[in-house]
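Below are the chains, spelled out letter by letter.
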Amino acid sequence: MDLDQMPRGGPDASWWDRRYETRRQEYIDRPETGARCRQALRGLDRFQRLSGGYRTYSRLTVAAAGADVPSPRVLELGAGHGRLARYVLARRPGARMTVSDVNPSVVEALRAGPLGRDRRIEVVRLDATAIDRPDDSYDVAVLTTSLHHLPPSGVAALLREGTRVARRLLVVDGWRNPLYLAGVPLMALTGGWAQAHDGFVSLRRMYGAAAVHALAARCGAPVRVRTRFVPPAYLAVLAERRKTARQGRTDGRTDEDSANRDGGGRAG
């Protein structure tokens, strides 16, 4: 199967799950929609603040960095409004953060705002699927609410690149289940029609845990992935490179061989 043809519910997704999936695009993915794109972005930011999303993401980020690291090096990918950085620094004031986005206009806005004046923060333009940073530059790299915007090949590249530049890669996105479509009216209340449209589409484009494990196994690097449900509606992915791909094993295989065989280190 071509990588980008993989269903978002995973290679063994059921018939109904494949029918639930959509190829429609969000306004956020179409900057040419202008005012609706901006409205959807504002609505998403408001929804995350009101629903406690940023608090959840910052808690998971600090935990992934490690309690024994007083000044963790944190890379935020796809930063958008950059609000997550403020929450992380409130929890861990000694952190050093690189806040990034692939959109040049977003990066310029972040540099011109409060984040650009904080000495603990570097604001740069980076592509999450081809990160222009040396190996092991960070303790944790984090991407939130954006995984579903990437095609399957992009997810595989993110897993490969994120675990290369950081000791751990944390990805948080929505949990794939049609029941969460019940939250679309709340999105309309917080962000209007544009946010409701994008929320409806994004919920149907979320990746399931099985898809993430399958893509980790095909990302071209020995990546170990753990996935779990985080209340009220999140898929949390914690990925890291196996300690060494070439260490000898008693059974004659390497860790890389094992990663390719067992699906990238599947864990619940």
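These numbers come from a predicted model, not from an experiment.

Novice: Is there a simple way to think about the sheet that holds strand β1 (residues 73–77) in this case?
Specialist: Note on sheets: strands pair through backbone hydrogen bonds, and any given pair is parallel or antiparallel. In space, the 7 strands of this open sheet follow the order β3-β2-β1-β4-β5-β7-β6, with mixed pairing throughout. Looking at the sheet topology across the chains shown, the edges are occupied by β3 (121–125) and β6 (223–230). On average, each strand axis in the sheet is inclined to that of its neighbour by 20°, with strand direction left out of account. With 8 bridges joining them, β6 and strand β7 (residues 234–241) adopt antiparallel strand pairing. Of the residues in β7, the one forming a bridge with V223 is R241.

Novice: Would you take a moment to explain the packing of aromatic side chains for this structure?
Specialist: Pairs of aromatic rings are described using the distance from one ring centre to the other and the angle between the two planes. Under the counting rule described, the total for this entry stands at 4 aromatic pairs. Centroid distance Y54 to Y57: 6.3 Å. Interplanar angle 90°. Geometry classified as edge-to-face. Taken together, the residues span about one helical turn, with Y54 and Y57 both in helix α3 (residues 53–65) at a distance of 3 residues. Overall, the relative accessible area of 10% leaves Y54 in the buried class. Taken together through their ring pairs, the aromatic side chains of Y54, Y57, Y87 and Y234 make up a single cluster.

Novice: Would you explain the environment of A166 in this entry?
Specialist: Inspection of the secondary structure assignment puts A166 in strand β5 (residues 166–174). Separated by 138 residues in sequence, A166 and I28 have C-alpha atoms that sit 27 Å apart. Apart from residues lying up to four places away in sequence, A166 is in contact with Y138, D139, V140 and A141.

Novice: Mind showing me how you'd approach the packing of helix α2 (residues 35–51) against helix α7 (residues 184–205) here?
Specialist: The relative placement of two packed helices is expressed as an angle between their axes plus a distance between the axes. For the pair α2 and α7, the least separation of the axes is 8 Å and the interaxial angle reads 140°. Put simply, α2 runs oblique to α7. When the axes of α2 and α7 are compared, the crossing they make is left-handed. Contacts from R36, Q39, A40, G43, L44, R46, F47 and L50 in α2 reach L186, M187, T190, G191, G192, W193, A194, Q195 and D198 in α7. Among the residues making up the contact of α2 with α7, the classes are represented as 8 nonpolar, 6 polar and 3 charged.

What counts, and where the lines are drawn
- Residues numbered from 1 in each chain as written.
- Predicted model: local features only at pLDDT ≥ 70, side-chain atom pairs only at ≥ 80, totals over all residues.
- Heavy atoms only, no water.
- Pairing = 2+ DSSP bridges.
- Helix = DSSP H or I, 4+ residues; strand = E, 2+ residues; numbered from the N terminus.
- Axes fitted to C-alpha atoms, helices over the stretch in contact; angles between N-to-C directions.
- Phe/Tyr/Trp six-rings, centres within 6.5 Å; stacked < 30°, edge-to-face > 60°.
- Buried < 20%, exposed > 50% of the residue type's maximum accessible area, 1.4 Å probe, protein only.
- Contact = heavy atoms within 4.5 Å.
- Parallel < 35°, antiparallel > 145°, perpendicular 65-115°, else oblique.
- Left-handed = near helix turned anticlockwise from the far one by under 90°.
- Nonpolar A, V, L, I, M, F, W, Y, C, P; charged D, E, K, R; others polar.

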